[in-house]
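The chain contents come next:
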Amino acid sequence: MKILLLGEYNSSHYTLKEGLQKLGHEVLVVGHGDGFKKRKSDILYNLKYTEGFSKKLKILLFKLFGFDITSLHVKKQFNRFKTQLTGFDAVQLINETPFNTHPKVEKQLLAFIFKNNKNVFLLSCGTDYVSVKYAFDKKFRYSILTPYFNNKSNKKDFWHALMYLTPPYKKLHEYVYSNIRGVFASDLDYDIPLLENEKYLGMVPNPINLEKLDFTELDVTSKIVIFHGINMNNYFKKGNDIFEEALAILNKKYADKIEIITVKSLPYNEYIKAFDTAHILLDQVFAYDQGFNALEAMAKGKVVFTGAEQEWLDYYHIEEDTIAINALPDAEKIANKLEWLILHPEKIVEISRNARAFIEKEHHYVAIAKVYLEKWQSKF
């Protein structure tokens, strides 16, 4: 088959490509590198005017004249490579705005994709109308919008999520759904909001290329190393403030037993190496399931504090605190879990091994590629 994967979050689409290629398929990935992470794509375009003075100029021009210069620049780039995006057997969009442009431009670009390819599918991965609406209506016990509801930050800081609820983005959502064969979810945070959707084809877990991620047996005979990687663009959304508060609590009691490594907004190639020496990785708080970064860390044998809610335990039929640690939005509870691990280092070794085995069983990139192929072909 000839397959087009449009858009990228972390390396979910590029890793899927690697699995599909192992099965003998021809795959093209188009993306912008996912910002500062600088992820790989076959066709790589860039998002200009997103920082500093140029971003302020962009906002001013949009207010005065109603056009978005970032979107127009993406459209210009798209026109250069669009002839390569036709005639695919299957196309998958990473979410409802795979090109990261204003809805008016996004619709124009997607119209070309829909016109020139028969079987287009959507992956609910990252924020979109359905998941943000579900969170905004407070149907989750907690979500990425919980810090917003708790007035930890302002509307501007959460605009990249809240914008999906505005009329232009809702219309884009309706347009996309009217043109796709079906929609998948990459994890339970997107699966749960879609359960009653007639276009929903089910959850397909994120693919992880285990051949690129070596498992290292953890040595717990000296200090326990805790790694906290912060994406400054999502500081409150990921619960980084709660992690920092938990670490401060822990450091008061166990400064002689732990080492804390904190990094901020590292490109992927630096990030994936930065936690090599760590035993424990702090990923995110406001989630029910693991995202791509957590899964890669688990594949390397790290004990990850992330989304591991009861719904996740039930889905995979596993016991609490055996594969990943559920990071609740409570600094004291996180600190208590960290203390439990420090006082019982044998648990760190046990969870590390279990984490790798779980990724091998549930997230192997070739097995996930097979699932996608079956589900795509069932709708041809």
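Up top is the structure these notes are about.
The rules behind the values
- Residues numbered from 1 in each chain as written.
- Predicted model: local features only at pLDDT ≥ 70, side-chain atom pairs only at ≥ 80, totals over all residues.
- Heavy atoms only, no water.
- Helix = DSSP H or I, 4+ residues; strand = E, 2+ residues; numbered from the N terminus.
- Rg over C-alpha atoms; globule rule 2.2 N^0.38 Å.
- Buried < 20%, exposed > 50% of the residue type's maximum accessible area, 1.4 Å probe, protein only.
- Contact = heavy atoms within 4.5 Å.
- Areas by Shrake-Rupley, 256 points an atom, 1.4 Å probe, with all protein chains shown as cover.
- Lys, Arg positive; Asp, Glu negative; His and termini not counted.
- Charge placed at Lys NZ, Arg CZ, Asp CG, Glu CD.
- Phe/Tyr/Trp six-rings, centres within 6.5 Å; stacked < 30°, edge-to-face > 60°.
- Lys NZ or Arg CZ within 6 Å of the ring centre and 35° of its normal.
- Polar contact = N/O pair within 3.5 Å; in protein donor to acceptor, adjacent residues only side chain to side chain.

A. Region of the structure containing the overall build of the protein. Within the protein, the regular secondary structure consists of 16 helices and twelve strands. Taken over the C-alpha trace, the protein has a radius of gyration of 21 Å; the compact-globule value for 380 residues is 21 Å, and the two agree within 12%. Reported as C-alpha extents along the three principal axes, the dimensions of the protein are approximately 60 × 50 × 35 Å. The burial tally for the protein puts 57% of its 380 residues in the buried class. Intrachain contacts of the protein at a sequence separation of at least 6 include 71% that bridge at least 24 residues. For the protein, the computed accessible surface area is about 17100 Å², with 50% contributed by carbon and sulfur atoms. Averaging the coordinates of the 51 positive side-chain charges in the protein and doing the same for the 47 negative ones gives two points 10 Å apart.

B. Focus on helix α1 (residues 12-22). Most of α1 is tucked away, with nine of its eleven residues classed as buried. Among the structural elements, β1 (2-6), β2 (26-31), β4 (90-93), β5 (120-124), α12 (292-299) and α16 (365-377) are those in contact with the buried residues of α1. In the stretch just after α1, Gly 24 is the one whose phi turns positive, near 95 degrees.

C. The arrangement of the packing of aromatic side chains in detail. This structure, assessed with the given rule, holds 26 aromatic pairs. Between the aromatic rings of Tyr 134 and Phe 140, the centroid separation amounts to 4.8 Å while the plane-to-plane angle is 65 degrees, which identifies the pairing as edge-to-face. A single burial state applies to Tyr 134 and to Phe 140, both of which are buried. With a centroid separation of 5.6 Å and an interplanar angle of 50 degrees, the aromatic rings of Tyr 148 and Phe 158 are classed as tilted. One end of the pair, Tyr 148, is in helix α6 (residues 146-149); the other, Phe 158, is in the loop between α6 and α7 (159-162), and ten residues separate them in sequence. You can call Phe 158 buried: its relative accessible area is 4%. An aromatic cluster of at least three residues, connected via ring pairs, comprises Tyr 45, Phe 78, Phe 81, Phe 99 and Phe 112. Here the basic side chain of Lys 2 rests over the ring of Phe 88, its NZ or CZ set 4.7 Å away from the ring centre. Positioned over the ring face of Tyr 175 is Lys 107, at 4.9 Å from the centre of the ring.

D. Expanded view of the side chain of His 32. On the secondary structure map, His 32 appears in the loop between β2 and β3 (43-44). A polar atom in the side chain of His 32 sits 3.0 Å from the side chain of Asn 100. Those residues in contact with His 32, other than ones at most four positions away along the chain, are Leu 44, Tyr 45, Leu 47 and Asn 100.

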